[in-house]
Amino acid sequence: MYKLYKKDNYTVMHFRFDSITEYITFLKSNPIRSDVFPNPDSIESPYSFTQTHSLEEAMNLCQFGYHKDFDKFTELKMKLEKYVKMSSKKNKQYNDYIGYVPDVKAYLEGNPLSMLNKSTHQRKKIDIYMNTGYSSETPLSAIFNRGAIVLNLVEILENLGYSVDFHLFIMAENSQQIHLSEYILKKETERVNPQKLYFPLCHPSWSRRLYFRLVEATKDVDACWAIGYGYPCKAITIKKILETKPNDIIIPTIEELNMHGIDIIDDANNLFDYVNQSSDKEFILQRIKK
């Protein structure tokens, strides 16, 4: 569940939780390090910042269900399913000993590679890594938009026949320490459950109460974490620490995605642009026209 190790000049404090129940049980049973966090934000943060009145309320919503504004999520899903299209990358043509059509010019020149063949992309499994943390200045609307767009994207990919391994985590850094918590809330063989993932992806208390509480209970954090609880790691750090592959999709900070929480279609297009430019995969997410 927890291990401490060195990697890429960082000291990594690494948690792994296999279910929401396991996560909430850990938060309830491990005390706050009052020497580092005399005024814990998980308890004292206001409603305007967290959208919950208490840590207990946040735990209950996470464990037993959160449904506020779920109708907006459903509306967004319908809109994205209507407009999102994916284009396959063109197959590359090359000369080979065997193929689907002869290359007359190569044959006349005596080239043994006298057939034209095509490379095909047969990868049906997609790994998506999403850092569900965000900075203290991130607006609530941008948190909702990013979560709803990514959750809909996973569903759309699955409906198109892809097997999606959806890796949820929060990774923050502070003074050469990295705090990493992984949450196994969807397995590759499982279909995505929107109601199960709605709170972790779309509600600010997932990070601003529950994750804060996890940091407060971590035995190896330095005193510097008491101010700000660290900074969300950018994509370049995520790739190094998690050792992701070039064709994996990384969903980093809201700022890196250039999302603002004003217009959800604009936010979706900015996220699609980032995904298209940052990973080598077999499809291209086409921008949505208003």
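No experiment lies behind these values; they were computed from the predicted model shown. (Residues numbered from 1 in each chain as written. Predicted model: local features only at pLDDT ≥ 70, side-chain atom pairs only at ≥ 80, totals over all residues. Heavy atoms only, no water.)

Overview of helix H1 (residues 20-29)
Of the residues making up H1, those classed as buried are Ile-20, Tyr-23, Ile-24, Phe-26 and Leu-27. Relative to the axis of H1, the buried residues are bounded by an arc of 155° and lie together on one face. Across from the buried face of H1, at angles greater than 90 degrees, the exposed residues are Lys-28 and Ser-29. Of the surrounding elements, those touching the buried residues of H1 are strand S2 (10-17), helix H4 (55-64), strand S9 (177-183) and helix H9 (205-216). (Buried < 20%, exposed > 50% of the residue type's maximum accessible area, 1.4 Å probe, protein only. Helix = DSSP H or I, 4+ residues; strand = E, 2+ residues; numbered from the N terminus. Arc of directions from axis to C-beta. Contact = heavy atoms within 4.5 Å.)

Things to note about the packing of helix H7 (residues 140-159) against helix H11 (residues 264-278)
At a closest axis distance of 10 Å, the pairing of H7 and H11 adopts a crossing angle of 60°. Comparing their axes, H11 and H7 come out oblique. Remark: the crossing between H7 and H11 carries right-handed chirality. Contacts from Asn-145, Arg-146, Ile-149, Val-150 and Leu-153 in H7 reach Ile-264, Asp-267, Ala-268, Leu-271 and Phe-272 in H11. Residues belonging to the contact of H7 with H11 are distributed by class as follows: 7 nonpolar, 1 polar and 2 charged. (Axes fitted to C-alpha atoms, helices over the stretch in contact; angles between N-to-C directions. Parallel < 35°, antiparallel > 145°, perpendicular 65-115°, else oblique. Left-handed = near helix turned anticlockwise from the far one by under 90°. Nonpolar A, V, L, I, M, F, W, Y, C, P; charged D, E, K, R; others polar.)

Regarding the pairing of S2
Of all 8 residues in S2, 7 are buried; the element is thus mostly enclosed. Relative to S2, strand S1 (residues 2-7) runs antiparallel, the two sharing 6 bridges. Its bridge partner being in S2, Leu-4 is matched across the sheet by Met-13. Here S2 runs beside S9; their pairing, made up of 7 bridges, is parallel. In the strand pairing of S9, Phe-17 is matched with Tyr-183. (Pairing = 2+ DSSP bridges.)

Examining H4
Structural remark: α-helix, 3.6 residues per turn; residues separated by three or four positions point the same way. Residues of H4 that are buried: Leu-55, Ala-58, Met-59, Leu-61 and Cys-62. One side of H4 carries all its buried residues, which in axial view fall inside an arc of 165°. Those residues of H4 that are exposed and aimed more than 90 degrees away from the buried face are Glu-56 and Phe-64. Those residues of H4 hidden inside the fold are in contact with H1, helix H2 (41-44), helix H8 (194-202) and H9. Following H4 by one or two positions, Gly-65 adopts a phi angle in the positive range, close to 125°.

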